[in-house]
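# Chains, contacts and geometry: an overview
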Amino acid sequence: MPSTENQGSSSPFMSFGRSILSIRREQVHSMEANHDPNTQESEIELFLQLISKRFHDLSVVSADELLSLAWMRKLLDAFICCHEEFRVILLNNKVQVCKPPLERLVAEFFDRCLKALDICNATRDGIEKIRQWEKQLEIVLSAMDSRQRTMGEGQFRRARKALMDLAIAMLDEKETGSIFSHRNRSFGRHQSSKDQRHHLPGHSRSLSWSVSRSWSAAKQLQSIANNLVPPRGNDISATNGLAVPVFAMSYVLMFVLWALVAAIPCQDRGLQIHCSVPRHFSWGAPFILLQERIMEESKKRERRNSSGLLKEINQMERCASHMTDLVDSIHFPLTDELKTEAGQQVQEVTLLCEALKNGLDPLERQVREVFRKIMNGRTEGLEFLGSVNKPE
Amino acid sequence: MAEHGEEKLLAVARHIAKTLGHNDSTADDILQIFSNFDGRFSRDKLSEKMGDGDPRSCAALEHTLKSLDRQISQYVAADQPIWADSVDAGAFLDAVDELIATLREWHPMTGEKSVAACLDRAEDLLQQAMFRVEDEFRSLMERGGESFELSRPFGPGESAGNYQFDSEDEDEEGGMIGCGDDHQIPIAHPISDYDILIDALPSVTINDLHEIAKRMVAAGFGKECSHVYSSCRREFLEESVSRLGLQKLSIEEIQKMAWCDLEDQIERWTKAATVALRILFPSERRLCDRVFFGFPSAANLSFMEVCRGSTIQLLNFADAVAIGSRSPERLFKVLDVFETLRDLMPEFEAVFSDQYCLLLRNEAITIWRRLGEAIRGIFMELENLIRRDPAKSEVPGGGLHPITRYVMNYLRAACRSRQTLEQVFNESIDDRTSSSSLSVQMAWIMELLESNLEVKSRIYRDPALCSVFMMNNGKYIVQKVKDSELGLLLGDDWIRKHTAKIRQYQVNYQRSSWNKVLAVLKADNTSLAPNPSLNTMRERLKLFNLHFDETCRAQSTWFIFDEQLREELRISVVENLSQVYRNFLGRLQSVPEAGKHPEKLIKYSVEEIGARVNGLFQRGGGGGGK
């Protein structure tokens, strides 16, 4: 009985799969009335190749591009593409799909799809949060824009306040909880003119999530990853090899959601997911690489407490921090050096805001599209799983 | 020439003021006296800058700024809220206005060093004012609600903080609804009348907020203003919505909920959505428009930020219901959600009418369509259930099968929402079903039901019982159809056709059960011997009695629920039987060997035969319902 354990990821699944499928072909005719095994096999191969190619392309991008808004959109694009192909495979093999053991595997996939919907919704909330931060940055820009006004103390104070608002907004939810438990109002400031805005009541509660406080993105991800294991040999042969694309699609789904949660702020993010990486399949290689790269990113000192690994969030954090340093080091009269530096930073922030404004909406639209596709695919699938006449 | 003279005059006036005035306020007073004295010495002329490169041109500006600084700083440093006193507030705003105007006026001259320095200080002052004004704005927004609650006139049965809404919050104290924070939330409003306009904040407060917003926008602090506004109102709105009993549930949680719990949530959602779209959101819109009057894009943006979260929460729930299981029992609640969303769509589009809300509008429509799909899916699931219902055990006596009862009552109930269902089925752009109107769907379900029943009927070994079974179920079906909207949907033709089918089953029944019996009696008509002997006749009678007894015994447990049908059937059987039997008896008695008392040969009289048959198809021990 050929095992699925291949030494190293060098032996491609294709050849392994072929041997199983060729054994099958030698057996008595397939039960598949509407699909001959040859087309089925090439269909599966093509699908796995597609996954491999799309995710390979995603895995070899530069460090700058990885986890950027543009890259996230490419990721979701790749997902949608693979999902469509998978849908077609299911439709072409309806009869097989409705029989055990494939039936159970497909039903599990649809369960995972259901959980995925919540993560899509959480991501949408997260994108809105990022939008709020961007708006805060715009306030900083208004304050620092030297074209409109002269750069006076007032501007810097304003910028400092906006920066502090931003910093608080970008803190993880857990940490802000305690800060807001004391609300008090203070009028008038008896401190020096270069004071900080101490009263946190000036900062309203940030956006709340659309899910209950107990919902956890990490737990949701983990429950998707649970029991996600490569199919056993007998399952593969019993399903004419279809168990493999089901597993592959499930894995792709889980991975993409994991990447979304890693990049975009959401309630109770967590990156440590226990899931078996598909080392035995050649299409698994890009995922291994991507996972490594993303984990590496998360371990960098500056990113450890970040609310999301999205490149642009990192840029926001850095800009905000530089700006804050600059603003804190301001003393009047302004030196030319300071003026130039301020100008440069303003420029940087302006570009960042542009990028965010242009990138967030399309990303949100795409997340909604992913949501819709997953949902429709699931509904469609459940319908034909349920409609096939069961023997009485 | 005259101009030059005037300029000189003004310069002298200024000089006098400056020299004689020991401090700024005295100088100010002197200038005031001058301006009162003669129109040429108007304040703005006196403070007007003259010429470039004049170091003293800045003096006027400085002067103005000093005065403004004095006024503004005193307010900025004050402990108590400025807006506690409308006179103070007015004075403060006037000063701010002047500051902004001054800045605007002198801005072109920033090239000049002395002017630039002044403007720097002016900007600084403006920023301090804006910070303070922002605080005031926030506190007005937060406190405005409180005082409103206290001073609001109450309707009958209402009291401060009395929560009219049908909520399960039993731990609310009477009196103010606190939420542990300093401020309370005024949300007491009767929900029976959706036409009431809620003023979320008192008019005076709204006015104050607007006045502040104007200045913040003028000073370039519009974004901050919008941000404070949105944060405060969003909190309020989300609290209000959560107090309507709507829980924040994930899609997965909703799928896993027990149906009765979900039904409950759906009811809450229906109320919450209605209150939100008819009262809360329009109220927020009005508030936004008033506070940001004159700044439509700020108004639109702020409104969107305030309402987005709650709207998404409401839509997410509807979405989750649409995604849910297609179990037929869910139809009525899903219809509720569908209808609510449909009915609220005009309000939705009215309130979210601007460009920022386009995405939301589309979402709402998409979700509404998904609910339609869900409803179609439920009917498909019903079809599956019917198709798959196994023909396992017989219904005793050929009576009504539970599935017939279930399906017909279900469809009857469903068709009470006929208009909505027609909308649902007409909306279908699904190319799986070529024609997707409701009538077609209903006709199809009926066909499936019939096929299923036919399969079930074949379990009965006795073909006569098959027919009785089909009769009973067919009659029930036709009755329910006639008795409801289904009749309109299926049409008269359908009813006629199916009534005819019942008739056919009646005929089949007769044929398969009584023909055999009658055949015995009729046999002699075609016999070889035109005049059968007494013995033959007696034998035939015995056989007849045997068959008759058997048949009656076998059919004694059979049941026909419909009184009319029962009667019809009995009558036709009796008629048939009696005729042939009487005939036979007559011939029997006329056989010469019959003797003087041929009646002794007869076991059953014609009447007795009739009576036996008339006792059939009745539930033993009292008629009984279906």
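Scoring rules and cut-offs
- Residues numbered from 1 in each chain as written.
- Chains lettered and ligands numbered in written order.
- Predicted model: local features only at pLDDT ≥ 70, side-chain atom pairs only at ≥ 80, totals over all residues.
- Heavy atoms only, no water.
- Helix = DSSP H or I, 4+ residues; strand = E, 2+ residues; numbered from the N terminus.
- Buried < 20%, exposed > 50% of the residue type's maximum accessible area, 1.4 Å probe, protein only.
- Contact = heavy atoms within 4.5 Å.
- Areas by Shrake-Rupley, 256 points an atom, 1.4 Å probe, with all protein chains shown as cover.
- Expected span 1.5 Å × (residues − 1).
- Disulfide = S-S within 2.5 Å.
- Patch = residues over 30% accessible without salt bridge, like charges linked within 9 Å, V, L, I, M, F, W, Y side chains within 5 Å.
- Salt bridge = Lys/Arg side-chain N within 4 Å of Asp/Glu carboxyl O.
- Axes fitted to C-alpha atoms, helices over the stretch in contact; angles between N-to-C directions.
- Parallel < 35°, antiparallel > 145°, perpendicular 65-115°, else oblique.
- Nonpolar A, V, L, I, M, F, W, Y, C, P; charged D, E, K, R; others polar.
- Phe/Tyr/Trp six-rings, centres within 6.5 Å; stacked < 30°, edge-to-face > 60°.
- Lys NZ or Arg CZ within 6 Å of the ring centre and 35° of its normal.
- Polar contact = N/O pair within 3.5 Å; in protein donor to acceptor, adjacent residues only side chain to side chain.
- Domains from an automatic or database assignment.
- Buried area = accessible area lost by both parts, 1.4 Å probe.
- Left-handed = near helix turned anticlockwise from the far one by under 90°.
- pLDDT = per-residue confidence, 0-100.
- Lys, Arg positive; Asp, Glu negative; His and termini not counted.

### A look at the overall build of chain B
- When you go through chain B residue by residue, the secondary structure sums to 22 helices and 0 strands.
- Taken over 626 residues, chain B has a buried fraction of 52%.
- Within chain B, counting contacts between residues at least 6 apart in sequence, those at least 24 apart form 78% of the total.

### A look at the overall build of chain A
- Across its full length, chain A holds 13 helices and 0 strands.
- For chain A, the α and β elements follow one another from N to C terminus as α-α-α-α-α-α-α-α-α-α-α-α-α.
- A burial count over chain A gives 56% of its 392 residues as buried.
- Sequence-distant contacts, at least 24 apart, represent 80% of the contacts inside chain A between residues at least 6 apart.
- Surface exposure of chain A reaches about 16,700 Å², of which carbon and sulfur atoms provide 52%.

### Some details on helix α11 (residues 285-299) of chain A
- Its 15 residues give α11 of chain A an end-to-end C-alpha distance of 22 Å, which sits within 8% of 21 Å, the value for a rise of 1.5 Å per residue.
- Among all positions of α11 of chain A, only Pro286, Phe287, Ile288, Leu290, Arg293, Ile294, Met295, Glu297 and Ser298 of chain A are buried.

### Comments concerning the state of the cysteines
- A full pass over the atoms with the stated rule returns 0 disulfides over all chains.
- Left unpaired, Cys288 of chain B is separated from the closest cysteine sulfur, that of Cys307 of chain B, by 7.5 Å.

### What to know about a nonpolar patch on the surface
- Together, Val12, Ile16 and Leu20 of chain B give the surface a local cluster of nonpolar side chains, amounting to about 250 Å² of exposed area.
- Tracing the sequence through the fold places Ile16 of chain B in helix α1 (residues 2-20).

### Brief notes about the packing of helix α5 (residues 102-144) of chain A against helix α11 (residues 296-323) of chain B
- The interhelical angle for the contact between α5 of chain A and α11 of chain B, taken along N-to-C directions, is 170 degrees, at an axis separation of 12 Å. Comparing their axes, α11 of chain B and α5 of chain A come out roughly antiparallel. In contact with Leu114, Leu117, Asn121, Arg124, Glu128, Arg131, Gln132 and Lys135 of chain A of α5 of chain A, α11 of chain B contributes Glu305, Arg308, Ile312, Asn316 and Ile323 of chain B.
- Its residues assigned to classes, the contact of α5 of chain A with α11 of chain B comprises 4 nonpolar, 3 polar and 6 charged.

### Structural notes on unusual backbone geometry
Residues and elements named next belong to chain A.
- Pro101 follows Pro100 through a cis peptide bond whose omega is -5 degrees.
- For Pro101, the position within the fold is in the loop between α4 (94-97) and α5.
- Here Asn227, not a glycine, exhibits a phi torsion of approximately 60 degrees, which is positive.
- Here Asn227 lies in the loop between α8 (217-225) and α9 (233-238).

### Some remarks on the packing of aromatic side chains
- What the rule picks out here adds up to 33 aromatic pairs over all chains.
- Where Phe247 of chain A meets Trp283 of chain A, the ring centres are 6.0 Å apart and the plane angle is 55 degrees; that geometry is what we call tilted. Of this pair, Phe247 of chain A sits in helix α10 (residues 243-263) while Trp283 of chain A sits in the loop between α10 and α11, and the two are 36 residues apart along the sequence. Trp283 of chain A matches Phe247 of chain A in its accessibility class, with the two residues each being buried.
- An angle of 50 degrees between the planes, with centres 5.3 Å apart, marks the rings of Tyr460 of chain B and Phe469 of chain B as tilted.
- On the basis of relative accessible area, Phe469 of chain B is assigned to the buried category, the value being 1%.
- The positively charged end of Lys161 of chain A is found above the aromatic ring belonging to Phe131 of chain B, 5.6 Å away from the centroid.
- Sitting over the ring of Phe236 of chain B, Arg233 of chain B keeps its end group 4.4 Å from the ring centre.

### Some points on the pattern of salt bridges
- This structure, assessed with the given rule, holds 53 salt bridges over all chains.
- Here Arg368 of chain A makes a salt bridge to Glu363 of chain B, at a shortest N to O gap of 2.8 Å. Separated into two different chains, Arg368 of chain A in helix α13 (residues 336-387) and Glu363 of chain B in helix α13 (residues 358-388) make up a pair that spans both.
- For Arg368 of chain A, a relative accessible area of 7% corresponds to the buried category.
- Residue classification places Glu363 of chain B among the buried residues on the basis of a relative accessible area of 13%.
- Here the residues in one salt-bridge network are Glu128, Arg131, Asp361 and Glu364 of chain A together with Arg308 of chain B, joined through shared partners.

### Here we look at the environment of Lys135 of chain A
- On the secondary structure map, Lys135 of chain A appears in helix α5.
- For the pair formed by Lys135 of chain A and Ser307 of chain A, sequence separation is 172 residues and the distance between their alpha carbons is 17 Å.
- At 2.4 Å, the side chain of Lys135 of chain A forms a polar contact with the side chain of Glu305 of chain B.

### Here's the deal with the domain arrangement of chain B
All names here are of chain B.
- Partitioning chain B into structural domains gives domain 1 (2-144), domain 2 (171-186 + 193-371), domain 3 (389-508) and domain 4 (515-614).
- Contacts between the two partners involve 15 residues from domain 3 and, on the opposite side, 11 residues from domain 4.
- Between domain 3 and domain 4, a total of about 1,100 Å² is buried, with carbon and sulfur atoms accounting for 64% of that surface.
- Considering only the side of domain 3, the residues that lose the most area to domain 4 are Asn472, Lys475 and Gln506, jointly responsible for 39% of the buried surface there.
- Across the contact surface, domain 3 and domain 4 share 1 salt bridge.
- Close ionic contact of Lys475 with Asp562 constitutes a salt bridge, the shortest N to O distance being 3.8 Å.
- Counting across the domain 3 and domain 4 interface gives 6 residue pairs in polar contact (both at pLDDT 80 or more).
- Secondary-structure elements contributing two or more residues to the side of domain 3 that touches domain 4 are α17 (463-482) and α19 (492-522).
- At 8 residues, the largest contribution of residues to the side of domain 3 that touches domain 4 is made by α17.

### Some thoughts on the side chain of Glu383 of chain B
Residue and element names in this part refer to chain B.
- Within the element layout of this structure, Glu383 appears in helix α13.
- A polar contact is formed between the side chain of Glu383 and the side chain of Trp444, at a distance of 3.0 Å.
- Apart from the residues within four sequence positions on either side, Glu383 is in contact with Gln441, Trp444, Ile445 and Leu448.

### Quick word on the environment of Ser298 of chain A
Residue and element names in this part refer to chain A.
- Here Ser298 is to be found in helix α11.
- We classify Ser298 as buried; its relative accessible area is 13%.
- Once the C-alpha coordinates of Ser298 and Leu309 are considered, the two residues, 11 residues apart in sequence, prove to be 6.8 Å apart.
- Look past the residues within four positions of Ser298 in its chain and what remains in contact with it is Leu271, Arg303, Arg304 and Leu309.
- At a separation of 2.6 Å, a polar atom in the side chain of Ser298 contacts the main-chain carbonyl oxygen of Met295.

### Focus on the packing of α11 of chain B against α13 of chain B
Residue and element names in this part refer to chain B.
- Two elements in contact, α11 and α13, have axes whose closest approach is 9 Å; the angle formed by their N-to-C orientations is 15 degrees. In terms of axis orientation, α11 runs roughly parallel to α13. The interaxial crossing formed by α11 with α13 has left-handed handedness. Contacts between α11 and α13 involve Met304, Arg308, Thr311, Ile312, Leu315, Ala318, Asp319, Val321 and Ala322 from the first element and Leu360, Glu363, Ala364, Ile367, Arg370, Leu371 and Ala374 from the second.

### Thoughts on the confidence of the model for chain B
Residue and element names in this part refer to chain B.
- Here chain B averages 81 in pLDDT, and 80% of its residues register 70 or above.
- For the stretch residues 146-184, pLDDT sits under 50, and the model shows 66 contacts to residues farther than four places along the chain or on other chains.
- Of the regions scoring below 50 in pLDDT, residues 189-195 engages in 15 contacts with residues more than four places distant in sequence or in other chains.
- Per the prediction output, this complex has pTM 0.79; the corresponding ipTM is 0.81.

### Things to note about the side chain of Glu339 of chain B
Residues and elements named next belong to chain B.
- Of note, Glu339 is situated in helix α12 (residues 331-351).
- Buried charge without a partner: Glu339 forms no salt bridge, and the closest opposite charge is Arg342, 4.4 Å away.
- Residues contacting Glu339, with those up to four places away along its chain left out, are Ser417 and Thr420.

### Points about the environment of Val481 of chain B
Residues and elements named next belong to chain B.
- Looking at the secondary structure, you find Val481 in helix α17.
- The class for Val481 is buried, based on a relative accessible area of 0%.
- C-alpha of Val481 to C-alpha of Leu359: the two residues are 122 residues apart in sequence and 44 Å apart in space.
- Val481 has contacts with Met408, Met446, Leu486, Gly487, Leu490, Trp494 and Ile495, leaving out every residue within four places of it along the chain.

### Structural notes on the confidence of the model for chain A
Residues and elements named next belong to chain A.
- Per-residue pLDDT for chain A averages 79, and the proportion of residues at 70 or more is 78%.
- A low-confidence stretch, residues 1-34 stays under pLDDT 50, and its non-local contacts, those more than four residues away or across chains, total 51 contacts.
- Predicted confidence is poor over residues 176-202, with pLDDT under 50, and the contacts of this stretch with residues over four places away or in other chains come to 60 contacts.

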